[in-house]
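Listed below are the residues making up each chain.
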Amino acid sequence: MTAMTYDTPLRPRSTRPSPRTPDAASTPPTALRLTRRGRLVVLLVLATLLLVAFSLGRTSADAGSTRPAGPAPTTVVQPGETLWAIARRVAPAADPRVTVARLSTLNDLGDRPITAGQRLVLPR
């Protein structure tokens, strides 16, 4: 038995890249994909930037406000006087409930009663 021989010539190997490995220059860029943690980080960074921007805006707005310099005005409680009476005396055009609350807060009164001779800081 003789071996059969084929007369087909061998072709040289191609120098083109394989279709399975695309050329990096011709590949379109892929979209950015964020994980849940990545989205959370982006959200926190944006929220922080907004907070800083609002804080700076508020600081510059407060810098332009005019407040009288010097010590806060005070009054001495007279015998039989109440916070309500003091509130009506120091701010006659304002709602006495609001002025009483401000007096209580400024003087750290809480639920304690005021006494005659006590010095109270007045709201401006």
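Residues numbered from 1 in each chain as written. Predicted model: local features only at pLDDT ≥ 70, side-chain atom pairs only at ≥ 80, totals over all residues. Heavy atoms only, no water.

Undergrad: Sorry, what's going on with the overall build of the chain here?
TA: Counting its secondary structure elements, the chain contains 3 helices and 2 strands. The linear arrangement of helices and strands in the chain, starting from the amino end, is α-β-α-α-β. Split into buried and exposed, the 124 residues of the chain put 15% on the buried side. Considering only contacts in the chain between residues 6 or more positions apart, those separated by 24 or more positions represent 53%. Per element, the accessible surface of the chain, about 11400 Å² overall, is 61% carbon and sulfur. (Helix = DSSP H or I, 4+ residues; strand = E, 2+ residues; numbered from the N terminus. Buried < 20%, exposed > 50% of the residue type's maximum accessible area, 1.4 Å probe, protein only. Contact = heavy atoms within 4.5 Å. Areas by Shrake-Rupley, 256 points an atom, 1.4 Å probe, with all protein chains shown as cover.)

Undergrad: Could you clarify how one ought to interpret unusual backbone geometry in this entry?
TA: Glycine aside, residues mostly have negative phi, and peptide bonds are mostly found in the trans state. Positive phi, close to 50°, is recorded for Asp-108, a residue that is not glycine. Tracing the backbone through its elements, the reader meets Asp-108 in the loop between α3 (96-106) and β2 (119-121).

Undergrad: Sorry, what's going on with helix α2 (residues 83-90) here?
TA: An α-helix turns once every 3.6 residues. As a result, residues three or four positions apart point the same way. Along α2, the residues classified as buried are Leu-83, Ile-86 and Ala-87. Seen along its axis, α2 keeps its buried residues to an arc of 100°; they face one direction. Residues of α2 that are buried make contact with β1 (74-76), α3 and β2. (Arc of directions from axis to C-beta.)

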